[in-house]
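Structural overview for review
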Amino acid sequence: MTAPECSRAGCRAAASHQVVWRNPRIHAADREKIWLACDEHVVFLRDYLAARDFPVTVRDGVPA
């Protein structure tokens, strides 16, 4: 089994964070989506979602 990879387009680095978000226009408050991120792209992915006014949080670690 391979290690989880970063969700940033073109990145194949091992993920070490979960970027948890939802689009409040189409998702209920209990619906969350998760993008995985490496150390290099976690801020980029968080800021990308936050700029669209999506609720977003970052959790350290990824599920095995």
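Whatever comes next refers back to the structure up there.
Notes on the structure follow.

Overview of the state of the cysteines
- Counted by the stated rule, this structure contains zero disulfides.
- No disulfide involves Cys11; its sulfur sits 3.9 Å from the nearest other cysteine sulfur, which is in Cys38.
- Here Cys38 stays unpaired: no disulfide links it, and the sulfur of Cys6, its closest cysteine neighbor, is 3.8 Å away.

Side note on the environment of Cys6
- Assignment of secondary structure puts Cys6 in the segment before β1 (17–21).
- Of the residues examined, Cys6 reaches a relative accessible area of 5% and is grouped as buried.
- With eleven residues separating them along the chain, Cys6 and His17 place their C-alpha atoms 8.6 Å apart.
- Dropping the residues within four chain positions of it, Cys6 is found in contact with Cys11, Ala13, Ala15, Leu36, Ala37, Cys38, His41 and Leu45.

The rules behind the values
Residues numbered from 1 in each chain as written. Predicted model: local features only at pLDDT ≥ 70, side-chain atom pairs only at ≥ 80, totals over all residues. Heavy atoms only, no water. Disulfide = S-S within 2.5 Å. Helix = DSSP H or I, 4+ residues; strand = E, 2+ residues; numbered from the N terminus. Buried < 20%, exposed > 50% of the residue type's maximum accessible area, 1.4 Å probe, protein only. Contact = heavy atoms within 4.5 Å.

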